[in-house]
Amino acid sequence: MFEERTVRDTANLTMTLFRAGIVIVFLIMVVRMFQLQVVENERYQALANRNRLLRIETPAPRGIIYDSNGTILVRNRPSFEVALVPEDLPFDDLDTPDVDEEAVEIEKVLRILRADSDPEVALRMAAILFNKLGYDDFIRTVQRANVPISFLSEPAFVTPVTEDGRLAMVEPRKVYLPDLDQPLPLEGLVALVKRVVAIQSMGSASDPVPILDGVDRIRAFEISEDSFRIPAVRVIQVPVREYIYGDLLSHVLGFMGPIPALAADTYREAGYTNLNEKVGLNGLEYTYQTELRGSPGVRYSERNILGVDVRTIGPVVEPVPGWNLHLNIDLRLQQVMRDALQEMMDEVDAPWGVTVAMNPQNGAVLGMVSLPSYDNNIFAERIGEDYLKLEQDERRPLINYAIGGLYPPGSVFKMVTAAAGLAEGIITPNTTIVDSGPIYLPNRYFPDDMSQAQEFVSWNHKYGIVHGPMNVVRALALSNDIYFYILGGGFPNQFQGLGPQLLSKWTELFGFGEITGVDLPGEVTSIVPTDQWKRRLFAEPWTTGDSYNMAIGQGYVLSTPMQVLVETAAIANGGTIYVPKIVHHMTDAEGGVQKDFEPEIKRTLPISAEDMEVVRRGMWEVVNTDYGTGRVARVPGVEVAGKTGTAEFCEYIPEKRDCRRDEKGFLPFHAWFSAFAPYDNPEIAIVTFVYDGGEGSAVAAPVTQKILEAYFTEISPRTQGAIAQP
Amino acid sequence: MFARINWRYFDWPLFLVVLLLSSIGVALIYSATRNSPDLVDYWQRQVNFILIGLVVLFFVAMVDYRQLSLLAIPAFLIFVASLVAVYFFGEAQGGSRSWINLGGTLVQPTEAGKFLLIIFLSWYLSWFRDSLHRLPYLLMALLFLLAPLALVYVQPDFGMTITYAFMGGVLILAAGVRYRHLALLGGGALLALPLFAATLQGYMLARLCIFLPTDEEGHILPPILNLLRAAFDTLPTECIQPEANTAASYNVDQALIAIGNGGLTGLGWTQGTQNQLLFLRVRHTDFIFSVIAEELGMIGASLILLLLLFVVWRVLRIAERAPDQFGKLLATGVAALIFFQIVVNVGMNLKIMPVTGLTLPFISYGGSSLISMMFAIGLAESVAMRHRKIEFF
């Protein structure tokens, strides 16, 4: 149609390239779409889901804890929290500049909650808002509302919190805290609530912000009934742990609280998504946190870009209730133990005391008391002022001294020395050693100067008594120290004793120097003293005197009452070291047994039954002969075996540069008593310890006697000839 | 003027595909705006725009395009004059001074200017067709292109600038440029590059930086950043601060998520989560392709893309069958305009091109964009209806 041109130009090529371009563009785009929509589809789907889906966990009901008879010890009680939904509050209408509609509504809500008339409510609310906003924001907000704040007179440290409410990892600052014991006037609270709501609205305006907690059922219903007047208010039920017997079992059961900042990573790795979740922080609540918690249910809330809930998806996963714990502990025995110990402690004015009971045949812990105790219900809703008081108590009631206190065991340790001597062939049941008064170990550097020799006395010498010749059974019964000095350390040129190696070997065999493994947190142990240990620590060699002291449970030996109980149980059962167990079995919500705790044997002592019987006989004589030191522990109708302990301890007083001593220069004593009964087929072993209590026979033995008597009359009566659980 | 209208030569397939695309657009606008209280009636408004557009389309189709050559010179002068007026008296909206107030109503001369430019350049290039092989005539054509281009560039309206440049370039090349001149012009353009770099507006550079590949945190990859630093004295925050980059690329990133979320078959009409839950921004206009990809999937999006490119292909066919050079260039210009908008818009959605703010032809919401597209199709139809026939009379 057009005449051919003579010069080549771009006209035809352009049209061809244009068409080629169309094809190429199409191909490129389809390939790109393939890449985005097919190859990387999953990645983008995940990103889109992350945009819109908010994972919401519904906590599962926490497991219940029962005693050995099925009595409920811990249950979940509903508590109520009042929260505000920011998006349901009216906006401040800019057409009415003199009225802030939002503040008016908040004020209405607070009046219905009685924040103006009930100082309790005002205080509680201020505490929550203070925790939420942090120091700076709290002060600024209140001051901006022209409300005066009263400050505490003493400065305190505050740790700044991050925006999401977690503790920031920076140095605490020293500031004057506002006095939260003074109720804030309503205007101040309104300003604070308004601020909290504003902060929440930046995140998601449909998430309720708690402004008041610890509301009881009746108030919660009243507030709910008013909700047509205050549409922004939500009353939320939050389960709270109720410890029915309070301080009676608090050391065993423990308590719960929000995940500690330091452990946050651990919990996050374990799949905890809400770091404000309350977890077991002590006791069984801690040990069995995973089992008690169960697994939370999961549902998703679909939200648009404004954070408005569009719909709920799920539950994707149904919550699985936590397992219930059934304890070996008998509530009645626990009660008796606590009362008996408390009574004695009041009598002798002792600061601390412990009594623990266990079935020596299987390690089941039947009762565990550590005094002073505390009411673990104060942790239930929010760790607050009561907790601070506890923390500041010099006696540190939060510590379970049955497993968390290390003390010289004194004479209750002598069974270890006796068993070692017999098993290692150092003595026979008939070996006689004579107590003819104090013995003297020559000074290593001046062996000929007896005035520099070290004196070792037995407890009886201060009463002017010598026990004369005796065998091991009688030595236990009399708790004679001379016998055990010589058995433990020997006597130069006369008697080959156990020596440091064998002493520490048997100390270790009996379980001192390692934790008993009871299913509670916070257990401590000391290490068993040895020659190397002493050289490392004091740069001094082990002396015969060290062996003497160790043989009677003094010197470098330290143990927890629980370790002494395990020792006592091993004597009672003929030489088996059990791991103590508080929990007997666990059941799921339907009652099916999920886990049954079999008795766990840690080791069997390498000692013959005959030799062990000699040691047991010694403990029998302590209680059942007229020369035994533990005669007060007799229980009618039951043969009790036991051992008294009166352990010297040093409470160092810096001003005196010496230990505390009485007017005669004697060190104070811890009172110990360890016992088991019945003698022939023991079903209970028990250790009682009273700090600074004095004589074991006068203080610890009567407590034990009371407990055993109650046990054999009320809990496992002899009259029926019944043998309690194997 | 309306004499000898022969509907037999009206390109019905082209028209039907355009109608189909517009209808799909209404459905997608409905899906994109149903959850926004302010926008819920937009799909109805779009239906009205389509009706107006169809009237425009048929009216323009009936007009013999050759009459338009009479309009070429005065229209071009008015166009350039209005751009100059905008430069001095224009009103700014959305960051660019591109509107002029005519007795109370704001008019954007650049939208109609696309067609005025096509008509004028087509006229010039066909009128001086035989002289184009001489450099002065070619340079003249370039001058006529560069004058409005520069005026739009300083507004600044980057999207419109590159649209003009592409259309003009295609028209000049399609008219025929000697290869030796082409090489010369290419060299000239290279030399002008520093001038371009010096006048590039900050926001254009920012958009470029949003587009450039970054690492997870939003840092532009070092070699590219070094290149940018060498070329420009000052870089906008989007190029330097990773946070600014991430914040600025939010819309594009959400669009990409929407597309990827759609998968092969899509989540279904009105079921796209990115779209329905408003994570996707400007979803009824600039990012409507992401709505398509999310709700109709790769299959649906490919089909719609195919339909869009069919329109371009069909208009090119009209160009090749045009009875004269003016008609051919008119249709080529229309094809270039539609093609360019498709490429730039879809490319932006797929993040293979920077953000320019050009809408997707026939589908995106908007009266002026839809009606101007219908006008473009009307022009092409006008050429189609007069093809060859002239030779038999």
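Everything below is about the structure printed above this text.
The rules behind each value
Residues numbered from 1 in each chain as written. Chains lettered and ligands numbered in written order. Predicted model: local features only at pLDDT ≥ 70, side-chain atom pairs only at ≥ 80, totals over all residues. Heavy atoms only, no water. Disulfide = S-S within 2.5 Å. Helix = DSSP H or I, 4+ residues; strand = E, 2+ residues; numbered from the N terminus. Buried < 20%, exposed > 50% of the residue type's maximum accessible area, 1.4 Å probe, protein only. Salt bridge = Lys/Arg side-chain N within 4 Å of Asp/Glu carboxyl O. Pairing = 2+ DSSP bridges. Axes fitted to C-alpha atoms, helices over the stretch in contact; angles between N-to-C directions. Contact = heavy atoms within 4.5 Å.

Digging into the state of the cysteines
Here's step 1: For the structure on display, the rule yields 2 disulfides over all chains.
Here's step 2: Disulfide partner of C650(A): C659(A), at an S-S distance of 1.9 Å. Disulfide C650(A)-C659(A): torsion about the S-S bond near -85°, hence left-handed.
Here's step 3: In this model C209(B) forms its disulfide with C239(B); the gap between the sulfur atoms is 1.9 Å. The S-S bond linking C209(B) to C239(B) shows a torsion near 90°; that makes this disulfide right-handed. A residue pair is termed long-range when its members are at least 10 positions apart, and C209(B) in helix α8 (residues 202-211) and C239(B) in helix α10 (residues 237-240) qualify at 30 residues.
Here's step 4: With a relative accessible area of 0%, C209(B) lands in the buried category.

Here we look at the pattern of salt bridges
Here's step 1: Evaluated as defined, the whole model comprises 42 salt bridges over all chains.
Here's step 2: Of the charged contacts, one joins R293(A) and E57(A) as a salt bridge, the two residues approaching to 3.9 Å between their closest N and O atoms. With R293(A) in helix α10 (residues 289-293) and E57(A) in strand β1 (residues 53-58), this pair connects stretches of sequence that are 236 residues apart. Each member of the pair, R293(A) together with E57(A), is buried.
Here's step 3: The partner of D64(B) in a salt bridge is R66(B), with the nearest N and O atoms 3.0 Å apart.

Here's the deal with the sheet that holds strand β23 (residues 641-648) of chain A
Residues and elements named next belong to chain A.
Here's step 1: The strand order across the open sheet built from 5 strands is β14-β13-β27-β26-β23, with neighbouring strands paired in antiparallel fashion. Taken across any chain shown, the strands that pair with only one partner, and hence form the sheet edges, are β14 (365-371) and β23. Going across the sheet, the axis of each strand differs from the next one's by a mean of 10°, ignoring polarity.
Here's step 2: The sheet contact formed by strand β13 (residues 353-358) and β14 spans 6 bridges and is antiparallel. Pairing of V354 across the sheet is with S370, part of β14.
Here's step 3: This element, helix α21 (residues 609-624), spans β23 and β26 (669-677) of the sheet and lies at about 80° to β23.

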